[in-house]
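These are the residues of each chain, in order.
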Amino acid sequence: MKINKRDTIFLIIVAAVIIVLTVGSKERTTKAVPDDAIHDKVTSRAECMTCHSAEGVKPQPLGHPSANQCFQCHKQPDHWVGGITK
Ligand code: HEC
Ligand code: HEC
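What you are looking at is a predicted structure, and each value in this text was computed from that prediction instead of being measured.

The rules behind the values
Residues numbered from 1 in each chain as written. Chains lettered and ligands numbered in written order. Predicted model: local features only at pLDDT ≥ 70, side-chain atom pairs only at ≥ 80, totals over all residues. Heavy atoms only, no water. Near = heavy atom within 4 Å. Polar contact = N/O pair within 3.5 Å; in protein donor to acceptor, adjacent residues only side chain to side chain. 1 Å grid on protein atoms, 1.4 Å probe; cavity = no way out; pocket = protein on both sides within 12 Å on 5 of 7 lines; lining within 4 Å. Sits in = over half its atoms within 2 Å of the grid points. Helix = DSSP H or I, 4+ residues; strand = E, 2+ residues; numbered from the N terminus. Points joined across faces, edges and corners; volume = space filled by probe spheres on them. Nonpolar A, V, L, I, M, F, W, Y, C, P; charged D, E, K, R; others polar. Donors = N, O, S within 2.8 Å, 3.2 Å for Na, K, Ca; no water. Tetrahedral: all angles 85-135°; square planar, octahedral: opposite > 155°, others 65-115°. Buried < 20%, exposed > 50% of the residue type's maximum accessible area, 1.4 Å probe, protein only.

### Quick word on the site of ligand 1
- Taken together, 17 residues lie near ligand 1, and His-39, Cys-48, Cys-51, His-52 and Lys-58 sit nearest.
- In the environment of ligand 1, a nitrogen atom lies 2.7 Å from a nitrogen or oxygen atom belonging to the side chain of His-39.
- Separating a nitrogen atom of ligand 1 from a side-chain N or O atom of His-52 is a distance of 2.7 Å.
- In a pocket analysis with a 2 Å cut-off to the grid points, ligand 1 is assigned to the largest pocket.
- Residue assignment for the shell around ligand 1 shows that the elements contributing at least two residues are α2 (37-40), α3 (45-52) and α4 (70-73).
- Counting residues per element, the shell around ligand 1 draws most heavily on α3, which supplies 4 residues.

Structure (structure tokens):
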């Protein structure tokens, strides 16, 4: 196959799209839940929201998704007690 000018431009565009997608997906990673005494023991959304609702000590940012599964986007703490009920 002979590579002409149009092929070259096409390849550059494809490469640019791949770079934008790779870099973009890196930036989209959300902050992890802190691995501290508070967060290691919280096992329900209701508990999270006592501090992270609009009235809490550290409200979620404006326009934050209202999704329930916090750990789906915010990595759970390494020492999380995970679902163990006391
Ligand atoms: C007793 C209050 C309290 C509870 C309950 C709580 N948090 Fe937090 N959270 C805080 C405070 C205060 C901060 C900010 C200080 C810090 O980074 O430790 C924070 C910070 C965060 C951050 C941001 C970390 C960063 O790097 O800026 C995330 C994400 C988070 N919490 C998620 C959660 C989730 C998910 C839950 C429920 C499993 C939860 N929190 C429960 C008080 C709480
Ligand atoms: C669909 C994904 C998603 C889910 C589910 C989610 N969050 Fe977030 N959250 C984000 C994004 C995106 C941000 C803003 C960017 C960032 O924190 O890196 C954010 C930011 C935050 C912050 C502010 C962090 C800071 O220091 O600025 C807190 C606190 C937080 N979320 C708490 C929670 C809690 C509590 C839950 C569960 C009720 C939850 N999030 C569920 C995506 C999500």
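### Some words on the layout of surface pockets
- Approximately 830 Å³ is the volume found for the largest pocket.
- Lining the largest pocket are 27 residues, and of these Val-33, His-39, His-52, Gln-60 and His-74 lie nearest its centre.
- If you list the elements that add at least two residues to the lining of the largest pocket, you get α2, α3 and α4.
- Residue composition of the lining of the largest pocket, by class: 16 nonpolar, 8 polar and 3 charged.

### Remarks on the coordination of the iron atom of ligand 1
- At 1.9 Å from the iron atom of ligand 1 lie its protein donor atoms, namely His-39 (NE2) and His-52 (NE2).
- Classification of the site at the iron atom of ligand 1 as octahedral follows from its 6 donor atoms and the range of 86 to 178 degrees in their angles at the metal. Taken together, the residues His-39 in helix α2 and His-52 in helix α3 connect sequence positions 13 residues apart.

### Focus on the coordination of the iron atom of ligand 2
- Distances from the iron atom of ligand 2 to its protein donors, His-64 (NE2) and His-74 (NE2), fall at 1.8 to 1.9 Å.
- Taken together, the 6 donor atoms coordinating the iron atom of ligand 2 span angles of 88 to 180 degrees at the metal, a pattern that classifies the geometry as octahedral. Pair noted here: His-64 is in the loop between α3 and α4 and His-74 is in the segment after α4, with a separation of 10 residues, a long-range link.
- Owing to a relative accessible area of 28%, His-64 belongs among the partly exposed residues under this scheme.
- A relative accessible area of 23% means that His-74 is categorised as partly exposed.

### Thoughts on the environment of Thr-50
- Its place among the elements puts Thr-50 in helix α3.
- For the pair Thr-50 and Phe-71, spaced 21 residues apart in sequence, the C-alpha to C-alpha distance is 16 Å.

### Quick word on the site of ligand 2
- What surrounds ligand 2 is a group of 16 residues, the closest being Lys-58, His-64, Cys-70, Cys-73 and His-74.
- A distance of 3.2 Å separates an oxygen atom of ligand 2 from a polar side-chain atom of Lys-31.
- Placement of ligand 2 is best described as lying within the largest pocket.
- Put simply, the parts of the chain that give the shell around ligand 2 at least two residues each are α3 and α4.
- The leading source of residues in the shell around ligand 2 is α3, at 4 residues.
- Of the residues contributing to the shell around ligand 2, the split by class is 7 nonpolar, 6 polar and 3 charged.

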